[in-house]
Amino acid sequence: MSNDWMQDDDRLLRALTEAGASPDPTPPDVLDAARAVYTWRTVDADLAALVHDSAAAAPALAGMREEEAELRTLSFEAPGLLIELGVSPAALLGQLVPPEPATLTLRYEDRTTVVVPVDADGCFRIAPQPAGLFTLTCETADGRRVVTSAIRL
């Protein structure tokens, strides 16, 4: 392309139209860098690790009947905060320990979110039960953020 557009506004507009009509594809390195930067969005949050899952295989006790629990329980622990979850067929029930009002955000792997209030007793309910891989982000009234490790029920 020549530099004739510098002398004529019509040529400049045509050159800009051509440039915008067929943009170059985003290089894979740029996409990888963008995904890597996105993971830093929670760098200031504490990570709550899964410390208990009642669905995990427990050692069988000799002479005892093994019965499956009706309610699956999970516990995520971060410094100064425990997120207790109970999985029922209809919903995910939870409580913060110590109890405090907060906002809980359920984030699915496709990046869709559901915001759930946490009452003064630290209790919350997510219905229907989450499907697929998700994390929970708890934001307390004092601005603290805690993110659970990813879990699939």
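What you see is a predicted model; the values in this text were computed from it and never measured. (Residues numbered from 1 in each chain as written. Predicted model: local features only at pLDDT ≥ 70, side-chain atom pairs only at ≥ 80, totals over all residues. Heavy atoms only, no water.)

Engineer: Can you lay out the side chain of threonine 105 for me, pointing to particular residues and giving the numbers?
Structural biologist: Relative to the helices and strands, threonine 105 is located in strand β5 (residues 102–108). Given the relative accessible area of 13%, threonine 105 is considered buried. In this structure threonine 105 touches Thr113, Val114, Val115, Thr135, Leu136 and Thr137, once residues within four positions along its chain are discounted. (Helix = DSSP H or I, 4+ residues; strand = E, 2+ residues; numbered from the N terminus. Buried < 20%, exposed > 50% of the residue type's maximum accessible area, 1.4 Å probe, protein only. Contact = heavy atoms within 4.5 Å.)

Engineer: Can you lay out the environment of valine 146 for me, pointing to particular residues and giving the numbers?
Structural biologist: Along the chain, the position of valine 146 falls in strand β9 (residues 145–148). A residue is classified by how much of its surface remains accessible, and valine 146, at 1% relative accessible area, is buried. Each C-alpha atom, one on valine 146 and one on leucine 82, is 9.8 Å from the other, the two residues being 64 residues apart in sequence. With residues up to four places along the chain from it excluded, the contact list for valine 146 reads Ala45, Asp46, Ala48, Ala78, Leu81, Ile83, Leu136, Thr137 and Cys138.

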